[in-house]
Amino acid sequence: GLRVETQGSDKTDPNLPIPNTPNTVVVTDSDFSNNTLNGAFFQTRGDATLIGDMSNSQFTNNGQNGIVVQTAENSSFGDPTIGLPPGQRSLFNGLIVEDNGNDGVQITATQNSRTLLEINSTVNPTSISNNGGDGVGITTTGGRSDILITSGAATTTISGNGTTAGGNGVRWDASGASEGVVRVTKTDI
């Protein structure tokens, strides 16, 4: 699958080749399926900022999770400094995330970090279904995450999850100094 790790690369660092620009990964029309571990894995640490936009792609039959987002140590997945609060969210749009061993989408934010993410279906449907654990599993123990799950012109569907380990459509475990927001609107669960 895809693995992206960022550490200590704050966009205001004068040593970056293009200053004031966050690290950015764009995935379009791709298939990340049948991997032993995860379909895609994004990890940010040490003040890093990463925007990960994915559209019209599949993450199916992976041994662990379809997509993993892990943030720690003051880092951010999505950029809180662009636009109005909460900032620019990373966008997962028109994805098929099905039949993975554990969670469809697993999000973990610790140590004053944040995940700014929108799961949507503006053109093509998004399906997060039939995964072994949760459809979308969210754990926040610190920081200020903002996660939006919604539908645009097409439908976002989260269904039939918990096939092997029991699970929920969307599960959020918040503790410690977590100040997060999770919104689910116009979504079939």
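You'll find the structure just up there.
For the structure given in this document, a descriptive report is provided here. (Residues numbered from 1 in each chain as written. Predicted model: local features only at pLDDT ≥ 70, side-chain atom pairs only at ≥ 80, totals over all residues. Heavy atoms only, no water.)

**Some points on the overall build of the protein chain**
So, point 1. For the protein chain, the helix and strand inventory stands at 0 helices and 18 strands.
So, point 2. Against the 2.2 N^0.38 benchmark of 16 Å for 189 residues, the protein chain shows a C-alpha radius of gyration of 15 Å, consistent with a compact globule.
So, point 3. With the C-alpha coordinates of the protein chain rotated into their principal frame, the extents come out at 45 × 35 × 35 Å.
So, point 4. By sequence separation, contacts in the protein chain at least 24 residues apart represent 87% of the contacts at least 6 residues apart.
So, point 5. Accessible area for the protein chain stands at about 8,100 Å²; split by element, carbon and sulfur atoms hold 47% of it. (Helix = DSSP H or I, 4+ residues; strand = E, 2+ residues; numbered from the N terminus. Rg over C-alpha atoms; globule rule 2.2 N^0.38 Å. Contact = heavy atoms within 4.5 Å. Areas by Shrake-Rupley, 256 points an atom, 1.4 Å probe, with all protein chains shown as cover.)

**Quick notes on the side chain of Thr-60**
So, point 1. With respect to the element layout, Thr-60 can be found in strand S5 (residues 58–60).
So, point 2. Taking the relative accessible area as the measure of exposure, Thr-60 reaches 11% and is therefore buried.
So, point 3. With near-sequence residues (within four places) excluded, Thr-60 lies in contact with Phe-32, Ser-33, Asn-34, Ile-96, Glu-98 and Asn-100. (Buried < 20%, exposed > 50% of the residue type's maximum accessible area, 1.4 Å probe, protein only.)

**Concerning the pattern of salt bridges**
So, point 1. Per the counting criterion, the structure on display carries 6 salt bridges.
So, point 2. Arg-45 serves as the salt-bridge partner of Glu-5, at 3.6 Å between the closest nitrogen and oxygen. Here the residue Glu-5 occupies a position in strand S1 (residues 2–7), and Arg-45 occupies one in strand S3 (residues 40–45), the gap between them amounting to 40 residues.
So, point 3. Measuring nitrogen to oxygen at the nearest pair gives 2.8 Å for the salt bridge that ties Arg-89 to Asp-146. Of this pair, Arg-89 sits in the loop between strand S7 (76–77) and strand S8 (90–93) while Asp-146 is found in strand S14 (residues 146–149), placing the two residues 57 residues apart along the sequence.
So, point 4. Judged by its relative accessible area of 18%, Arg-89 is buried. (Salt bridge = Lys/Arg side-chain N within 4 Å of Asp/Glu carboxyl O.)

Remember, this is a structural readout, not a statement about activity or role.
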